Amino acid sequence: MSVDPLIARLVRGDPFALSEVYERHHARIRAFARRMVGNASAEDLVQDVFMALPKAMRRFRGDCSIETFLLSIAANRSRHHARSLFRFRRAIGRVAEEPVSRRSRDAEEVILQGELRAALERGIAKLSHNHRVTFVLCSVEERSSVEAASILGVPEGTVRTRLFHARQKLRDHLKRQGYG
Amino acid sequence: MSDPLDDLLDTACEGLREDTAAGSESGKATGRAVIAGLARRRRRKDWAMASVVAFCVLFVAPTVWAHVTGRLNAIVAVLVNPPPAQSARAENETQARRLRPAPQPEIAQADPAEDITETAPLLAEELPEELTEELTEELPPEPREAEEDSIAEREISEPQISETQRSPRPPRRHREAPDEETQDVIDESAEEEDTIDVEERELFSRAHRTHFDGGTSSQALRHWDDYLAAYPHGRFVPEARFNRALTLIRLGQLTQARGVLERFARGDFGAARRTQAAELLELIVDESLER
């Protein structure tokens, strides 16, 4: 499947080309969006990214895949969803404050796993934008530092440094939450 | 030997990674929204371009014609300094046209020297009686109607609260002052409407205290049920329903809780708690799958 004609059509603003790109990549972009701004606002960010794509394609140099390019748009656009992130943090905080039913051990374990995820999400939400996006790309989505550097438009060394600091902060956060 | 916190972090990351279901419904809806949004943007751009072109054509073409025929200077002079007499006359003519009644051939041909009152009875006589009555009936008394409308609007907007409840609040005799958090919830609602049932406020405060200040889940559930039974359309119903759902989760009654939370997530109660409900539903779904 040739990418170049698709890119040319995208640049021209062909809606069918955009549909095609959306079908191929929306799941990945949505997953990334949910890590960055939470479930409730993820659709807004996904829509934002694909709406911006035709115009952004003018600066696409073809030195990376379309998915990587989309992720770089999403990483940039997620900055503008700071208010959504604030609501996301509040929602997670509220969920975490609720006392847990201790009627059944199985349910307890499942809820504890959910609490660990929620604790991690709270920690991720507290990170700075750069640390957050680096951690999500490298640790959650398991992308290489080379790929993450390409998405973020920064050197590989910068990605590694940010990842190190992000993980350090999250470890401290989990420790404060009573884990480990 | 790896740091246990690192392992925990990786485990949590794995859990987050698993939670990547795109949700075909939301994906399709967003895709449609993207295409529709871009189509709207293109149409707006096309309209803007068409407007600019039309403006240029309407402005430029006459300007070029005026210049070619040598009338440009004259037109500009008229536009910049319109002759005062002409403009006043034009204004008077426009005003006269507005005030002139609809032309009636019979009156127009009448002798202007005649007393105008002589023609009025003629008009009344000429109009059939039923038509005159109809016309009279059709005209509604405007001020009265407006007054009735405003009264109707007030009746609709004001809740059915008795006089005793509208009167100034009685001093709190043996009631505890609601805590800060409860007061915030109540005050937010109070900003929308000044009249809040005192009994309702008390019932809600009690349930809220039990829920958040150390009561058992069973007690909290009872108190939420009491409030909702007493005030099924009360001011605090969304908050009460949501907290009741949380109580059900605490008691392990996930199916019932899910039913309520789905309504919140759907937006049945507006934007209130939509986000939290959606996230709680995910946790409940995870737990159900594990079972």
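Sequence positions are assigned chain by chain, starting from 1 and proceeding in written order. To label them, take the chains in the order written and letter them from A, then take the ligands in the order written and number them from 1. Local features are withheld for residues below a pLDDT of 70 in this predicted model, meaning they are given only at 70 or higher, and side-chain atom pairs are given and counted only at 80 or more; totals for whole chains, interfaces and linings count all residues. Note that water and hydrogens are dropped before the side-chain values are worked out from all heavy atoms of the structure.

> A description of the confidence of the model for chain B should follow, citing residues and the corresponding values.
Residues and elements named next belong to chain B. What pLDDT expresses is the predictor's confidence in each residue, scored from 0 to 100. Across chain B, pLDDT averages 71, with 55% of residues at or above 70. Mean pLDDT values over the elements of chain B span from 43, in helix 6 (residues 119–126), up to 92, in helix 12 (residues 217–230). Across residues 112–128, confidence stays below pLDDT 50; counting only partners more than four residues off in sequence or on other chains, it has four contacts. Contacts are residue-level and defined by heavy atoms, with any inter-residue pair within 4.5 Å sufficient. For the stretch residues 170–175, pLDDT sits under 50, and the model shows four contacts to residues farther than four places along the chain or on other chains. Here the complex is predicted with pTM 0.47, and the ipTM for its interfaces comes to 0.76. Helical segments are the DSSP runs of H or I of at least four residues, strand segments are the runs of E of at least two, and each set is numbered from the N terminus.

> Can you lay out the environment of Trp224(B) for me, pointing to particular residues and giving the numbers?
All names here are of chain B. On the secondary structure map, Trp-224 appears in helix 12. As for Trp-224 and Glu-239, which are separated by 15 residues in sequence, their C-alpha atoms are 9.9 Å apart. Identification of polar contacts relies on pairs of N or O atoms within 3.5 Å, with a donor-acceptor requirement for protein atoms, meaning one able to donate a hydrogen and the other able to accept it, and with residues adjacent in sequence counted only if both atoms are side-chain atoms. Here His-211 takes part through its side chain, which lies 3.2 Å from a polar atom of the side chain of Trp-224.

> Break down the pattern of salt bridges for me, citing the residues and quoting the values.
Any two side chains of opposite charge can pair, given that their charged atoms come close. Residues and elements named next belong to chain A. Any Lys or Arg side-chain nitrogen found within 4 Å of a carboxyl oxygen on Asp or Glu counts as a salt bridge. Tallied over the full model, the rule gives 21 salt bridges over all chains. In this structure, the salt-bridge partner of Glu-20 is Arg-9, at a minimum N-O distance of 3.6 Å. Highlighted residues: Glu-20 in helix 2 (residues 15–37) and Arg-9 in helix 1 (residues 4–12), separated in sequence by 11 residues. Taking relative accessible area as the criterion, Glu-20 reaches 30% and is therefore assigned partly exposed. Relative accessibility under 20% of the residue-type maximum defines a buried residue, over 50% an exposed one, and the middle range a partly exposed one, all with a 1.4 Å probe and only protein chains included. For Arg-9, a relative accessible area of 23% corresponds to the partly exposed category. Residues Asp-48 and Arg-77 are paired through a salt bridge, measuring 3.3 Å at the closest nitrogen-oxygen approach. With Asp-48 in helix 3 (residues 39–56) and Arg-77 in helix 4 (residues 66–77), this pair connects stretches of sequence that are 29 residues apart.

> Report on a positive patch on the surface, specifying residues and quantitative values.
Patch membership is restricted to residues that have no salt bridge and whose relative accessible area is over 30%. Joining uses 9 Å for like charges and 5 Å for the nonpolar side chains Val, Leu, Ile, Met, Phe, Trp and Tyr. Reported accessibility uses the Shrake-Rupley method at a 1.4 Å probe radius. Residues are deemed covered only where the shown protein chains occlude them. Note that His is not counted, nor are the chain ends; the positive residues are Lys and Arg, and the negative ones are Asp and Glu. Lysine's charge is taken at NZ, arginine's at CZ, aspartate's at CG and glutamate's at CD. Side chains of Lys55(A), Arg58(A), Arg40(B), Arg41(B), Arg43(B), Arg44(B) and Lys45(B) sit close together on the surface and give a patch of like positive charge. The biggest single contributor to the positive patch is helix 2 (residues 24–68) of chain B, with five residues.

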